Each structure stands twice: as C-alpha cells, then as structure tokens.
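# Structure assessment
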Amino acid sequence: MEQLIQQVASGLANGAIYACVALALVMIFVSTSHINFAQGEMAMFSTYISWQMIQWGVGYWPAFFLAVGVSFVGGVLIERIVLRPLHTAPVLSIVVVFIGLLAICNSVAGTAWSYLIKEYPTPFPKDKFGLSGLIGAHQLGVVVVTLIVLTMLFVFFRYTPLGLAMRAAAQNPVSARLAGVRVDWMLALGWGLAAAVGAVAGMMVAHIVYLDPNMMGGILLYAFAGALLGGISSPGGAVLGGFMVGVLENLVAYLGNAIEKGFGVYIIGNGEKLTVALIIVITVLTLKPSGLFGRVVVKRV
Amino acid sequence: MAAFLEVSGLKAYYGQTQALYGVGFALEQGGITTLLGANGAGKTTTLRAICNMVRTEGTVSFNGQSIRGRPTESIVRLGVAHVPEGRGTFTTLTVEENLRIAAYTRGSMGGAEVKRDLAMVFEYFPRLKERMQQQAGTLSGGEQQMLAVSRALMLRPRLMLLDEPSFGLAPLVVQEIFRILRRINGESKVSMLLVEQNAALALDLADHAYVLETGRVVMAGPSAVVKNDENVRKSYLGY
Amino acid sequence: MTTANPADTASAVPAVSSAAPRAGTDRLWVWIVVAVAAVLPLLRAVVPDVVSDYRLFLVTTMMIAAIAVLGLNLLTGFNGQISLGHGAFYAVGAYTAAILMDKLNAPYWTLLPVVFIVCFVVGFLFGLPALRLEGHYLALATFALALAVPQMLKYKWLEDLTGGVQGIVLSKPEAPFGLPLSEDQWLYYYTLAVMVLLFWAAWNMLRGRSGRAMMAIRDHQMAADTMGINTAQYKTVTFGISAAYTGIAGALSASAIAFVAPDSFGFFLSISLLIGLVVGGVASLTGSVIGGIFTVLVQNSAQALSNFVKNDIGLPYDLSPYSVYGILLLVLMYVMPTGIAGGVVMAWRRLRR
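Calculation rules
- Residues numbered from 1 in each chain as written.
- Chains lettered and ligands numbered in written order.
- Predicted model: local features only at pLDDT ≥ 70, side-chain atom pairs only at ≥ 80, totals over all residues.
- Helix = DSSP H or I, 4+ residues; strand = E, 2+ residues; numbered from the N terminus.
- Rg over C-alpha atoms; globule rule 2.2 N^0.38 Å.
- Buried ≥ 20, exposed ≤ 12 C-beta atoms within 10 Å, placed from the backbone.
- Contact = placed C-beta atoms within 7 Å.
- Core = buried A, V, L, I, M, F, W, Y, C linked by C-beta atoms within 7 Å.
- Domains from an automatic or database assignment.
- Nonpolar A, V, L, I, M, F, W, Y, C, P; charged D, E, K, R; others polar.
- Axes fitted to C-alpha atoms, helices over the stretch in contact; angles between N-to-C directions.
- Parallel < 35°, antiparallel > 145°, perpendicular 65-115°, else oblique.
- Left-handed = near helix turned anticlockwise from the far one by under 90°.
- Pairing = 2+ DSSP bridges.

## Digging into the overall build of chain A
- Scanning chain A for helices and strands turns up eleven helices and one strand.
- Along its sequence from the N terminus, chain A presents helices and strands in the succession α-α-α-α-α-α-α-α-α-α-α-β.
- Taking 2.2 N^0.38 as the reference for a compact globule, 301 residues should give roughly 19 Å; the C-alpha atoms of chain A span a radius of gyration of 19 Å, in line with that estimate.
- By its C-alpha atoms, chain A is 65 × 50 × 40 Å across when sized along the principal axes.
- Across the 301 residues in chain A, those meeting the buried criterion constitute 54%.
- Of the contacts made within chain A by residues no fewer than 6 positions apart, 73% connect residues no fewer than 24 positions apart.

Shown next as structure tokens:
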C-alpha cells in the first residue's frame with residue numbers, strides 16, 4: 001500500500017511538470033489555434049541558459065528567475081518575428097516552421113553545450129523537508145512551485161486588466177480589436193508567458209531526468225497527452241490532464257511490475273512509456289477530441 | 001469645414017473580390033445617419049471599411065484625421081465605436097467583464113471613472129445590472145444587443161457605428177433599443193451611423209439617409225425626403 | 001461552442017500547382033534523365049574513380065530517399081493530410097523486409113510486393129482514425145507516432161522478431177543470373193527500376209480521376225464531399241498507398257545498408273522526410289526527387305559543411321544536419337514555401353512572359 005502511495009505521489013510530481021508544459025501548450029493553442037511543437041525544446045533551451053548561469057557562479061534562484069525572464073522575452077520575440085508573417089499561411093507551412101524551431105533549438109543546444117548528460121542542481125535540500133518515505137524533497141518542491149505558478153497565472157488572468165484583455169483577444173480577436181485591445185501584442189505576450197511557464201517546467205525536471213538536449217521529447221509527448229485528455233482549449237482541463245497523465249504513467253508501470261512479479265510475465269514497463277502516451281493521444285483524438293473539459297468547435301461552411 | 005466623418009471614393013475588398021466601388025458620404029457631428037440597402041449591397045462592408053477590418057482604397061477621415069489603413073484598435077482609440085453584426089459579445093466572459101474590457105484602453109479598470117461609466121450604462125440599460133455576473137453567452141438576443149451597445153458606450157465614443165441592431169430581435173425589443181439609442185444620441189452627444197435592413201425603423205430614427213446598391217451610393221438626403229422617394233418606397237418600404 | 005472562420009478552411013498545403021503533373025515536354029526530360037541514369041553505372045568500367053562503387057551507392061540512397069519523399073508527398077502534398085511521422089512507415093517497410101530475409105530467407109525480389117501490402121494495410125489502418133483529424137491535430141498524432149516508434153521497435157515481446165536494440169544484420173544482395181555487376185551496381189539498377197515503376201504509377205494515378213479527387217479533397221474537403229467524392233475512402237486509401245511507397249523505400253534501404261536497428265528510425269528520420277518534401281516541392285513529382293537528393297546530400301556533407309562553417313566562415317559552430325534542417329525549414333516557409341520545384345516553376349513562368 002505504501003508503495004502505491006509513493007507511486008501516486010511521484011506521479012503527481014511528474015504530473016506537475018506535464019501540467020506546466022500542457023498549460024503552455026494550451027495558452028498558445030487558445031490564442032492562436034496553433035500547436036507549438038517546439039515547446040519542449042524551448043523549455044530545454046531555457047534550462048540550459050539557467051545551467052550556464054549557475055556555472056558562471058550565479059545562485060540557483062537568481063538564475064532561475066533570470067532564465068524565466070529571458071524565456072519570456074524570447075517567446076515574445078519568436079511570436080513577433082517568426083510567427084507574425086505567417087498569420088495567413090497554410091497549415092503545413094506553420095507546422096513546418098514549428099518543426100524548424102524545434103530543430104534549431106535542439107541543434108544549437110547540442111552544439112553549444114554538447115550532447116553529454118549533465119547534472120542539474122536542486123534547490124530543495126534532501127534533509128530539510130519532504131514527507132519521508134512518501135515523497136522526496138525535490139518532488140515535493142516541484143509540486144509546490146508548480147502550484148504557485150499556476151495560482152499566479154490564474155490570478156493574473158482572472159483579476160487583472162491585462163489578463164482580461166488577453167482572454168478577450170484569445171476568445172474573439174475581432175471584438176477585442178473593436179474594444180481597443182492591441183490583439184497582436186496580446187498574442188506576443190501569450191507566447192512570452194507560455195515560454196516562461198515552459199522554462200519553469202524544464203528547470204524543475206532537469207534534476208530528475210538529467211540535463212541533455214533530448215530530455216524534453218518524452219515529456220512533451222506526455223504533456224500533449226495530458227492537454228488533449230483535459231481538453232486542449234481549456235487551461236484548467238489541461239492542468240488537470242497533466243496531473244492525471246502523470247499519475248496514470250506511474251500506475252501503469254506499477255501494475256506492469258506487479259504483473260511481472262506475480263506472474264513472471266512482462267507486459268508493460270518503463271520501456272513502453274512513449275507508446276502509452278501515443279495510445280492516449282490517438283485515443284483521445286479519435287474518440288473525444290475536445291477532451292474532458294474542452295469545448296467543441298463547430299465549423300461553418 | 002471638414003465633416004465629422006468623411007468617406008470618399010472608398011473601395012473595399014474581401015480577398016480578391018471587390019465589394020465597394022467608390023462609396024462617398026459625409027456625416028456632420030451630432031446626428032444619426034442611416035445606410036440602407038438590400039442584402040449584399042455593401043452596408044456592413046462600409047462599416048468594416050471605416051474600421052479597417054477589410055482591405056480598402058480611397059479616403060476615410062474622422063474629425064479631420066485620415067484613418068484609412070490604420071490598425072482597427074487605434075481607430076477605436078480615436079473615438080469610433082463599432083457595434084458589429086451579430087453583436088460580437090465575448091460569450092465566455094461575464095457581462096461585467098464584457099463591459100470592463102471596453103474600459104481597458106483607459107488604463108486602470110477599477111477607477112472611479114469606470115464606475116461612473118458603468119452607472120451611466122445601467123441608467124440606459126437597467127436590465128444589464130441584474131445580469132452582471134452572468135456569462136454573456138447565456139443572455140437573450142435583446143440583452144446581448146444591449147450589452148453590445150453598452151460596450152460601445154464604455155469606450156466613450158464620439159461616433160458609434162451600428163450594424164443591424166434589429167437583427168433577430170422581437171419588434172418590441174427593437175423599439176425599446178431604438179428609443180434608447182435616440183436618448184444616447186441626445187444626452188451623451190454620440191453621433192451615430194446606423195446600418196439597417198429594416199428601412200422603416202431606420203428612417204424613423206435617423207436624420208439623414210444614404211441608400212447603397214451593389215457597392216455604390218445611389219441616393220442621399222434627409223430621411224424625410226428619402227422616406228417619401230418613390231423608388232425607396234417600392235424597394236425598401238413595401239408600399 | 002465557438003465557430004471557426006470560414007476562411008480557415010482554405011487549403012492546408014502550399015502546393016506547387018493545383019493542376020496534375022503535365023505531359024508533353026516534361027516527358028522528354030524524364031526519358032533523358034532515366035536514360036542517363038541507366039547508363040551511369042556502366043561508366044564505372046571507363047572512369048572508375050568518378051563512378052565508384054561508393055558513389056553509385058550514394059546515388060542509390062538518393063533514389064531510395066526520393067521514393068520515401070514521394071510517399072509523403074502523395075499524402076501531404078497531393079492529399080493535404082499532414083504527416084510528421086512517416087518515418088514509422090519507413091521503419092515498418094525496413095523491418096518487414098529484414099525479418100523476411102533474416103527469418104524466412106526469402107529472396108529479396110519477393111520482398112517488395114509483401115512489403116507493399118503490409119505497409120499499405122498499416123497505413124490504411126492509421127488512416128481510419130486520421131479521418132477525424134485535420135491540420136494541427138493530425139500533425140500532432142503523427143508527431144506522437146514518430147516519437148514512439150523506436151520504443152515500439154524495442155518492445156520485449158517483439159524482440160525475437162526485431163532483434164531488439166541490436167537490430168538485424170543482413171547481407172547485401174548479389175547480382176542474379178551471374179551478371180558481371182558488383183553488388184552496388186546491381187543494387188543501383190534494382191532501385192532504379194523500382195523507382196521508375198513507382199513514379200510512373202504515381203504519375204498515372206495523379207493524372208486521372210483519383211488524382212483530381214485527392215487534390216480536390218486537399219483544397220476544399222467540404223466541397224469535395226458535396227460533389228459526391230467519397231472522401232473517407234480516398235483519404236484512407238491514399239494513406240495506405242503513401243505508407244506503402246515509403247515502406248518500400250525502407251525495405252530497399254534495408255538491403256542497401258544491410259542493417260536495421262530501432263534507433264535509426266527516430267524522429268530525425270521523419271524530419272528528414274519532411275525537409276525533403278518542403279525543399280523539393282510540395283505536390284510535385286520532380287520535387288520528390290529533388291527532395292530525396294537534397295536530404296542525402298545534407299546528411300553526407302555534414303562533416304564538410306561543418307568544416308566550411310568553422311574554417312571558411314569562421315564561426316565556432318558545429319553545423320549539424322539538424323541545424324541545416326532547422327534553418328532551412330524556417331527560411332523556406334517565408335521565401336519559397338513551394339520548395340525548389342515550385343521556385344523553378346515560378347521562375348519559368350516569369351521568364352515566359
């Protein structure tokens with residue numbers, strides 16, 4: 001039983017990471033109807049930036065916040081410079097550009113910092129806190145940080161003028177313009193926030209999976225699964241979906257281990273994690289594309 | 001003296017298709033003017049063209065300033081409020097949020113100024129006050145129209161463009177709204193340009209009228225004159 | 001509910017032209033090129049340094065890449081269904097061929113029909129759920145597929161078949177009937193024959209009713225539906241054919257490289273196919289060939305490119321193929337979204353005026 005609780009707890013910690021990335025994906029999807037395939041690589045790149053600063057002697061938290069700030073600016077610039085001209089381009093062109101961004105982030109990171117795996121520090125000292133036996137210090141820290149970020153974003157969108165303007169611009173850009181909102185800048189800000197949230201996720205997970213240019217691939221896939229499951233047009237749903245997928249991932253592995261131990265038959269384990277995510281993605285897309293909490297889009301002829 | 005809103009030689013395009021072929025008219029400050037015409041005549045396009053929501057050529061000037069080709073949101077900030085076809089309500093936001101977003105351009109949103117404006121809006125449309133926290137998409141058609149007009153009012157506009165405010169509404173509701181529009185025009189000194197398919201109603205409300213046909217102005221004059229014109233009576237008023 | 005803007009239903013793909021590939025002068029060029037290609041290996045006896053075995057092998061890989069890109073082009077370029085995961089079908093083809101050769105000792109010339117059928121079925125099955133997906137969503141589903149393929153190939157229960165992480169080692173085919181050809185020369189001819197056959201079949205299909213239906217679906221699916229085209233059938237069958245084409249390319253590569261392993265079929269492969277598609281030319285047969293040549297060139301010139309950037313330009317930057325792909329993908333979408341083939345077509349049109 002205790003082991004099961006441990007699995008659920010660590011599933012929640014993983015889920016927190018997926019929730020962050022899923023939220024970043026949803027923020028961009030809701031405002032632009034694009035899927036940011038490069039989200040994972042951007043987060044990875046931000047993490048490398050923070051790592052580099054730490055190497056240069058900057059403290060963990062200053063590096064953390066600096067990286068978040070740089071990512072925010074980077075996201076805004078990417079939207080303004082790379083994506084703006086493509087507003088009316090065919091879907092394939094846009095998808096290709098995202099893949100191009102993905103490739104560039106990955107290859108530049110690989111060149112600048114090599115493909116060797118690096119250690120990434122944790123700011124949550126092992127002995128200080130952590131519900132001993134149930135969940136580790138870093139994992140608990142990840143969940144706490146994620147919840148703080150999510151709460152801040154919620155408050156921002158719900159109760160501030162800028163947040164309201166961004167929500168309006170995402171929901172109905174034409175009407176937003178008619179209300180005097182500079183919709184183009186709202187999109188850019190949305191991108192900046194998404195990049196920043198992604199950076200947080202990357203920096204939180206780097207300690208667990210070790211830092212290397214390919215670390216976000218699987219995580220991105222799980223974030224997609226979570227976002228789709230919760231509803232890719234619903235920020236709250238995406239966050240919930242992220243947590244669900246995190247716990248599910250661990251439960252499936254746990255079940256697989258139990259079966260192997262009990263019956264000596266290996267059905268599923270750690271090596272199938274991406275396949276499980278793929279199955280979730282395809283299942284949700286075919287059975288209920290709007291996810292559990294998303295909205296159905298009706299196409300007008 | 002330059003007219004308040006002056007349009008001349010206005011051409012508009014949806015992609016490659018041309019919709020307006022050189023529309024021209026002028027509004028004086030303070031009045032209500034109506035644009036009449038059949039479906040597809042270009043009335044909605046004209047309003048959209050003024051706000052640069054479609055590709056345009058020609059001249060559009062507001063209060064002496066040329067606004068053709070300027071980004072929509074900056075035209076709005078100059079004092080032009082557009083109540084679009086279909087109301088354009090933010091359906092997933094609450095009524096309060098719909099109103100407050102229009103005050104966004106003025107910086108602070110909880111300020112006393114905004115509260116005063118909300119009070120003004122409720123004076124014209126008391127029904128909205130009860131529905132403040134309701135999701136805008138759940139309002140009735142008439143209430144959504146009221147909300148759309150209120151949003152425009154919250155912008156403190158000098159000129160209000162209204163696109164078919166009577167569309168899909170019951171006659172009594174339309175009457176109520178048109179009465180309130182006249183009040184707004186008189187009390188808050190907001191000039192109005194009204195596009196309507198319901199010619200009778202529009203001619204009753206407006207001081208001046210222009211008639212559009214396939215992207216061109218074919219008739220202009222005070223509404224009393226236009227109302228009695230034989231062609232207009234046959235084509236748009238039914239008698 | 002939110003309603004999508006009608007303008008959003010415009011074509012999802014920047015095609016070179018909406019018309020089917022033309023006959024006439026094009027055909028003459030094709031004959032010339034094929035003739036030259038057929039004669040090339042024989043020149044090895046005359047100029048062995050220029051036409052070496054290695055160079056023939058390189059051209060063979062270019063032809064294989066061209067077939068693979070054509071497969072993707074059929075689905076994405078001509079039918080508008082975006083696939084970021086075509087590497088999966090390449091892998092299925094490669095592994096099917098490898099397993100047949102390794103476990104069943106099947107002679108390699110029996111492989112292609114089997115591979116075609118297997119990959120067609122796999123593609124068709126994937127095309128069924130894909131019916132419900134469009135644009136970004138389909139891209140997402142195929143993206144997930146591409147990421148998951150290496151893992152799936154390493155699955156424990158399939159290890160006996162697939163050889164797990166180590167993969168399967170094969171032997172290169174020898175020329176039959178005792179023909180005086182080296183392995184590389186024979187492979188070259190074999191691949192050339194298959195390529196000519198496949199391209200000819202595609203050209204025929206695209207010229208006729210099926211081609212027009214496919215492109216109508218790409219340009220405006222709703223309209224195609226209302227005109228009585230059975231879009232579901234065309235889309236799934238196109239998926240199958242597209243997978244079969246790319247799968248055959250995979251099978252050919254298994255023979256050519258004489259080795260298959262899970263990690264060579266990762267995301268990078270799918271990106272390479274995508275690059276070949278957009279660089280060469282979307283919805284263009286010639287474009288598929290150009291794209292295939294291009295991807296092989298980039299991958300083989302990695303070292304040379306890197307040196308060029310480091311030594312000649314002086315940037316302390318390792319130019320990996322991945323970087324080249326990334327930069328090109330971005331630049332092309334602004335400058336030449338219809339690829340090289342499209343750029344040539346446009347330049348040609350301008351010259352004619």
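## Quick word on the nonpolar core
- Of all hydrophobic cores here, the largest spans 290 residues; its most connected members are Val21 and Val281 of chain A together with Ala144 of chain C.
- With 18 residues, helix H8 (residues 183-209) of chain A is the single largest residue contributor to this core.
- When we break this core down by domain, the ones giving at least three residues each are domain 1 (1-79 + 157-166 + 189-239) and domain 2 (91-156) of chain B.

## Considerations on the domain arrangement of chain B
Residues and elements named next belong to chain B.
- Partitioning chain B into structural domains gives domain 1 (1-79 + 157-166 + 189-239) and domain 2 (91-156).
- Computed from C-alpha coordinates alone, the two centres of domain 1 and domain 2 are separated by 26 Å.
- Each partner contributes residues to the interface: domain 1 has five residues there, and domain 2 has five residues.
- Here the residues of the side of domain 1 that touches domain 2 are counted per class, giving four nonpolar, no polar and one charged.

## Let's talk about unusual backbone geometry
- One non-glycine residue, Ser114 of chain A, lies in the positive phi region at around 65 degrees.
- Within the secondary structure layout, Ser114 of chain A lies in the loop between helix H4 (91-113) and helix H5 (137-159).
- Taking the C-beta count within 10 Å as the criterion, Ser114 of chain A has 12 such neighbours and is therefore assigned exposed.
- The backbone of Ala258 of chain C shows a phi angle near 60 degrees, a positive value even though the residue is not glycine.
- Within the secondary structure, Ala258 of chain C sits in the loop between helix H10 (231-257) and strand E3 (259-260).
- Since 16 C-beta atoms lie within 10 Å of it, Ala258 of chain C is described here as partly exposed.

## Observations concerning the packing of helix H11 (residues 267-280) of chain C against helix H14 (residues 321-335) of chain C
Residues and elements named next belong to chain C.
- At their nearest, the axes of H11 and H14 sit 10 Å apart, and the two run at 40 degrees to each other. If you check the angle between H11 and H14, you find them oblique. As H11 packs across H14, the resulting crossing turns out to be left-handed. Here H11 contributes Phe268, Ile271, Ile275, Val278 and Val279 to the contact with H14, which in turn contributes Tyr322, Tyr325, Leu328, Leu329 and Leu332.

## Some words on the sheet that holds strand E6 (residues 80-83) of chain B
Residue and element names in this part refer to chain B.
- Strand order in the open sheet formed by six strands is E6-E7-E8-E3-E9-E10, with mixed pairing between adjacent strands. Edge positions in the sheet fall to E6 and strand E10 (216-222), since each of these pairs with one other strand and no more. Each adjacent strand pair in this sheet contributes to an overall mean axis angle of 15 degrees, direction not counted.
- Taken together, the five bridges between strand E3 (residues 32-37) and strand E9 (residues 208-213) define a ladder with parallel strand orientation.

## Side note on the interface of chain A and chain C
- Counting residues at the interface gives 45 residues for chain A and 49 residues for chain C.
- Looking at the side of chain A that touches chain C, the elements that each hand over two or more residues are H4, helix H9 (216-230), helix H11 (273-287) and strand E1 (297-299) of chain A.
- For the side of chain A that touches chain C, the element with the highest residue contribution is H4 of chain A, accounting for 15 residues.
- Residues of the side of chain A that touches chain C, tallied by class, amount to 30 nonpolar, eleven polar and four charged.

## Considerations on the packing of helix H1 (residues 2-32) of chain A against H8 of chain A
Residues and elements named next belong to chain A.
- Running from N to C, H1 and H8 point in directions that differ by 165 degrees, and their axes come no closer than 8 Å. Classified by the interaxial angle, the pair formed by H1 and H8 is roughly antiparallel. The two elements H1 and H8 cross, and the hand of that crossing is left-handed. Taking contact as the criterion, the partners of Ile17, Cys20, Val21, Leu23, Ala24, Met27, Ile28, Ser31 and Thr32 in H1 are, on H8, Leu187, Gly190, Trp191, Leu193, Ala194, Val197, Gly198, Val200, Ala201, Met204 and Val205.
- When its residues are assigned to classes, the contact of H1 with H8 shows 16 nonpolar, four polar and no charged.

## Quick word on the interface of chain B and chain A
- If you look at the interface, chain B gives 19 residues, while chain A gives 16 residues.
- Among the secondary structure elements, those contributing two or more residues to the side of chain B that touches chain A are helix H2 (72-77) and helix H3 (95-102) of chain B.
- Split into classes, the residues belonging to the side of chain B that touches chain A amount to nine nonpolar, five polar and five charged.

## Some words on the environment of Leu252 of chain C
- Locating Leu252 of chain C in the fold gives a position in helix H10.
- Every residue in contact with Leu252 of chain C, bar those within four places of it in the chain, is listed here: Ile64, Thr191 and Val194 of chain C.

## Side note on the sheet that holds strand E5 (residues 65-66) of chain B
Residue and element names in this part refer to chain B.
- The strand order E2-E1-E4-E5 describes an open sheet built from four strands, whose pairing is antiparallel. Edge strands, defined here as strands with exactly one partner in the open sheet, are strand E2 (17-27) and E5.
- Summarising the sheet, strand E4 (residues 55-62) and E5 pair through two bridges and their orientation is antiparallel. Considered in E5, the bridge of Phe62 is made with Gln65.
- Along the sheet, helix H1 (residues 43-50) contacts strand E1 (5-14), E2 and E4; its crossing angle with E2, the most-contacted strand, is approximately 75 degrees.

## Examining the arrangement of the chains
- Taking contact number as the criterion, the leading pair out of two pairs of chains in contact is chains A and C.
- The two units chain B and chain C are non-contacting; their minimal C-alpha-C-alpha distance is 9 Å.

## Section: the pairing of E10 of chain B
All names here are of chain B.
- Taken together, the six bridges between E9 and E10 define a ladder with antiparallel strand orientation. If you follow Tyr210 over to E10, its bridge partner there is Ala220.
- Counting the residues that bridge the hairpin from E9 to E10 gives two residues, and of these Thr214 lies at a positive phi of roughly 35 degrees.

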